[in-house]
Structures are given as C-alpha cells and as structure tokens.
Amino acid sequence: MRVLVHSNDDNAWCDALSQRLPEAEILPSSVPATQRGKIDYLAAWQPSAELLSALPDLKGIVNLGAGVDALLNNPALPGGVPVVKLRDAGMARLIADYVRYGVLHFQRDFDRYACQQQNRHWQPHEVVDKTDWAVGVLGLGAIGRKVAEAIAADGFPVHGWSRSPKQLDNIACHHGEDGLFTLLSQVRTLVLLLPDTPATRGIINANTLAALPQGASLINPGRGPLIDEPALLAALGSAKNGTQGHLRGALLDAFPVEPLPEDSPLWQHPRIRITPHMSGPTPLGEALDQVADTLRAMSRGEPVETVDPEAGY
Ligand code: GLV
C-alpha cells in the first residue's frame, strides 16, 4: 500500500508510520504531485482541496484528529471514500484534565479571586460542596464519555447528553431536545464536547443559555461554532463594568476562526478565559498506533469504524 501523509509535521509522522508499517510506502505530502505515483490512502489533518483533488485513486482517508468537520466540509472530499477518524487516541485524558481545571476554576471561585486580586481585595468565599455542583457534558462520544467519567470519579454529579440514548455508569444520561433542556436546568457547569455538524451549530444560544441556572458557567474544549457568540456575550453581562449576567463565566478553547482574531470582543471580556485550542493535543505515539492499525485493516479489507458523513462524526 502507498500512503500519503499530510500534517503539521509530515516528516515525523512519515518516519514513525514507516516503522509501524514496514510493508507500506509512506510519502510526505510535500512530494511534488508529478512524483507521487498512485496513492492508496491519505493520512491527513486538514488537507487542502487542491491536495484532495490530486488523489483520484484513494481507497480510504484517515483523519489525524478527532473532529472531521474540516474534512467533511472540504469541497474536494471524494464521495464514497471511507473516512476513519482518531477515536480518543490519548486525547480524552488530556481534555479531562482541562475540564477538571475548568470545573475547579468555577467551583473553587478562582475566577472571583482573580478579580479580587486586581482590586487587592481579600475575601474568602464559602465552598460549594462538589456534591452540590452538577456538571453537564454535551456529547458522549469517545472523548465526552471519558471526560464525564473522570469528572464523576472526582465526586461531581454528572449529567451527559447525546443525540441518541446512551447508558453509562455513574452518569445521568439524557438525549433528544427534551433531554437537553432537562440537563441544562440542573447543571452549574456545562461542558461542550459535541462535534461541529449542521445539527449542533449554535446549540448554545439565547434559549439554551437561559435554560441554565443563574450563575452557571461554560467550558468549551470542543468546537467554536457550537456557540452563538453574541448570545454568549449577552448572557455574560457587561464587559465594561464586569457586572455579571445570567452566566458567571466561560473557559473557551475552540473558536469558529482560529487563531481567534485580534479584534474579537472575547479577548478582553473579564468573565472569559481563553486558551489557544490546547485542551487535547494529539499524543503522537497513541495516534500513530491507531493510524497504523487502521491502515493495515483497510488494506486487508477488514472492517473499520468509519465516519458517517450525514451525521458528521
Ligand atoms: C482537534 O481539535 C481534533 O479534532 O483532533
């Protein structure tokens, strides 16, 4: 099999994949189109339309990340070619740590103390017990499920929501539109781990934000387009005098446009913490094992778990 690799660091991926797949010929996407020959498989993160349209013989694509939104929205994605994405591959535990930090940030009042420090103001706040701090996780895929389990193991009551019904130990699982609003009304921190699909875009809007209890907080390590940004800003209250609105604060790692543009009002908002899409960098070793196993299985005609382009994940 001949595999073309396209990533932020083609050479590292090519070397490591060649070691795992000695039977394959692995080429970086920097090889000029005229010298590539017939390519059977593409292992790529956000390939350009130009690259995709130059690969007419593809039998399969491995997405070098968990989210397939960019790939599925690529106008040159060939129809009928199976796409396999990374599932967890070590990202879930990193994202679970990010969410742990975020939940504690609000539950232990670090947001308030940061504000107080600016004003040299010394005032401890009473701790709300973890058992009274319910956390909601929207999206119970490979990552959302592990994050929900990690937060539950830390002692927080956890509610999870997915499109179709799911059952998980120690998680109150909800599904469908009604289930979403049932979850929202009960959680003090809401975590977004849904894929970006036509069905989830703008799921956090004026209606859903208003369904959260007064003073709830939001953590988004998922995808930027899940949030209607003007609705979020309105719910957070005034950026000028810091007056709290319905929502207490937001910790955001993903944005519709990345890097977040310099003129975005999110940067300066006192109730928003911003991180540069760092919650779940793909650990190379585990991802490479998964990519190698997938390519080997596809080349042998063995079954692989493929992305459903209609559902978008
Ligand atoms: C990163 O955002 C990924 O989808 O892997």
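Residues numbered from 1 in each chain as written. Predicted model: local features only at pLDDT ≥ 70, side-chain atom pairs only at ≥ 80, totals over all residues. Heavy atoms only, no water.

Re the environment of Met-91
Put simply, the rule reads: Runs of H or I in DSSP of at least four residues are treated as helices and runs of E of at least two as strands, each being numbered from the N terminus. Contacts are residue-level and defined by heavy atoms, with any inter-residue pair within 4.5 Å sufficient.
With respect to the helices and strands, Met-91 occurs in helix H4 (residues 91-107). Apart from the residues within four sequence positions on either side, Met-91 is in contact with Gly-65, Ala-66, Leu-86, Ile-143, Gly-280, Pro-281, Thr-282 and Pro-283.

Focus: the site of the ligand
Note the cut-off: Working definition: residue near molecule or strand if any one of its non-hydrogen atoms lies within 4 Å of it. What qualifies as a polar contact is a pair of N or O atoms within 3.5 Å, subject to a donor-acceptor requirement within protein and to the restriction that residues adjacent in sequence count only when both atoms come from side chains. Note that Gly is not counted as nonpolar here; it falls among the polar residues with everything else outside the nonpolar set of Ala, Val, Leu, Ile, Met, Phe, Trp, Tyr, Cys and Pro and the charged set of Asp, Glu, Lys and Arg.
Every residue close to the ligand is listed here: Trp-45, Gly-65, Ala-66, Gly-67, Met-91, Arg-223 and His-277. Within the backbone of Gly-67, one N or O atom sits 2.7 Å away from an oxygen atom of the ligand. Its residues placed into classes, the shell around the ligand shows 3 nonpolar, 3 polar and 1 charged.

Side note on the sheet that holds strand S5 (residues 83-85)
Applied cut-off: Strands are labelled as partners when DSSP assigns at least two bridges between them. Axis definition: a line fitted to C-alpha atoms, over the contacting stretch in the case of helices. Angles run 0 to 180 degrees between N-to-C directions.
One open sheet holds the 5 strands; their spatial order is S2-S1-S3-S4-S5, and the pairing between them is parallel. In this open sheet, the two edge strands, each paired with only one partner strand, are strand S2 (25-28) and S5. Strand-to-strand twist across the sheet, computed as the mean angle between neighbouring axes with direction ignored, equals 20 degrees. For strand S3 (residues 41-44) and strand S4 (residues 60-63), the ladder comprises 4 bridges, and the chain directions are parallel. Bridge pairing links Ala-44 to Asn-63 in S4. Contacts from helix H1 (residues 10-20) reach strand S1 (2-6) and S2 within the one sheet, and its direction differs from that of S2 by about 175 degrees. This element, helix H10 (residues 284-299), spans S1, S3, S4 and S5 of the sheet and lies at about 170 degrees to S4.

Digging into the nonpolar core
As a rule of thumb, soluble globular proteins bury nonpolar side chains together. Basically, it comes down to this: Here, nonpolar core refers to any group of buried Ala, Val, Leu, Ile, Met, Phe, Trp, Tyr and Cys residues whose side-chain atoms link them within 4.5 Å. Exposed residues in this analysis have more than 50% of their type's maximum accessible area, buried residues have under 20%, and partly exposed residues fall in between, with area computed by a 1.4 Å probe over protein chains only.
The biggest cluster of nonpolar side chains holds 48 residues, and the ones touching the most others in it are Leu-17, Val-291 and Leu-295. Contacts of Leu-295, omitting those with residues within four sequence positions, involve Met-1, Val-3, Leu-17, Leu-21, Tyr-41 and Val-62. If you look at the next biggest cluster of nonpolar residues, it comprises 31 residues, including Ala-134, Leu-192, Leu-236 and Phe-255.

With respect to the sheet that holds strand S10 (residues 216-220)
The strand order S8-S7-S6-S9-S10-S11-S12 describes an open sheet built from 7 strands, whose pairing is parallel. Edge positions in the sheet fall to strand S8 (171-175) and strand S12 (272-274), since each of these pairs with one other strand and no more. Averaged over all adjacent pairs, the angle separating strand axes in this sheet is 15 degrees, with direction ignored. Contacting S10, strand S11 (247-252) and S12, helix H9 (residues 229-236) runs over the sheet at an angle of about 135 degrees to S11.

Describing the environment of Leu-233
Relative to the helices and strands, Leu-233 resides in helix H9. In the structure, Leu-233 is positioned 43 residues away from Leu-190 in sequence and 16 Å away in space, judged by C-alpha atoms. Dropping the residues within four chain positions of it, Leu-233 is found in contact with Pro-265, Leu-266, His-269 and Ile-272.

Quick notes on the domain arrangement of the chain
Many descriptions give the size of an interface as the accessible area lost when the pieces come together. How we decide: What marks off one domain from the next here is an automatic or database domain assignment. Put simply, buried area is the surface a 1.4 Å probe can reach on two separate parts but cannot reach once they are joined, added for both. One side-chain nitrogen of Lys or Arg within 4 Å of one carboxyl oxygen of Asp or Glu is enough to make a salt bridge.
Domains assigned within the chain are domain 1 (2-89 + 282-299) and domain 2 (91-274). Computed over C-alpha atoms only, the centres of domain 1 and domain 2 are separated by 33 Å. Listed as interface residues are 13 residues of domain 1 and, on the opposing side, 10 residues of domain 2. Carbon and sulfur atoms make up 47% of the surface buried where domain 1 meets domain 2, a total of about 840 Å² over both sides. Broken down residue by residue, the surface that domain 1 buries against domain 2 is led by Asp-69, Asp-88 and Pro-283, which jointly contribute 59%. The interface formed by domain 1 and domain 2 includes 3 salt bridges.

Some thoughts on H10
Applicable threshold: Every helix has an expected span of 1.5 Å times one less than the residues it contains.
If you check H10, its first and last C-alpha atoms are 22 Å apart, about what 16 residues at 1.5 Å a residue would give, namely 22 Å. For H10, the full list of buried residues reads Ala-287, Leu-288, Val-291, Ala-292, Thr-294, Leu-295, Ala-297 and Met-298. The inward-facing, buried residues of H10 abut S1, H1, S3, S4 and S5. Two residues or fewer past H10, Gly-301 is found with a positive phi of approximately 75 degrees.

Thoughts on unusual backbone geometry
Where the residue is not glycine, phi is negative for most of them; where a peptide bond is considered, it is trans in most cases. Cis peptide bonds are those with omega within 30 degrees of zero, and the linkage from Glu-258 to Pro-259 qualifies with -5 degrees. Inspection of the secondary structure assignment puts Pro-259 in the loop between S11 and S12. In this model, His-277 sits at a positive phi of 45 degrees, which is unusual for a non-glycine residue. For His-277, the position within the fold is in the loop between S12 and H10.

A short note on the pattern of salt bridges
Evaluated as defined, the whole model comprises 16 salt bridges. The salt bridge involving Arg-20 is made with Asp-289; its shortest N-O contact spans 2.7 Å. Separated by 269 residues along the polypeptide, Arg-20 in helix H1 and Asp-289 in helix H10 bring together distant segments of the chain. Residue classification places Asp-289 among the partly exposed positions, given a relative accessible area of 37%. Here Arg-87 makes a salt bridge to Glu-305, at a shortest N to O gap of 3.5 Å. Residue Arg-87 is located in the loop between S5 and H4, and its partner Glu-305 is located in the segment after H10; the two are separated by 218 residues in the primary sequence. Residue classification places Glu-305 among the exposed positions, given a relative accessible area of 52%. Each of Asp-109, Asp-111, Arg-112 and Arg-248 takes part in salt bridges that share partners, so that together they form one network.

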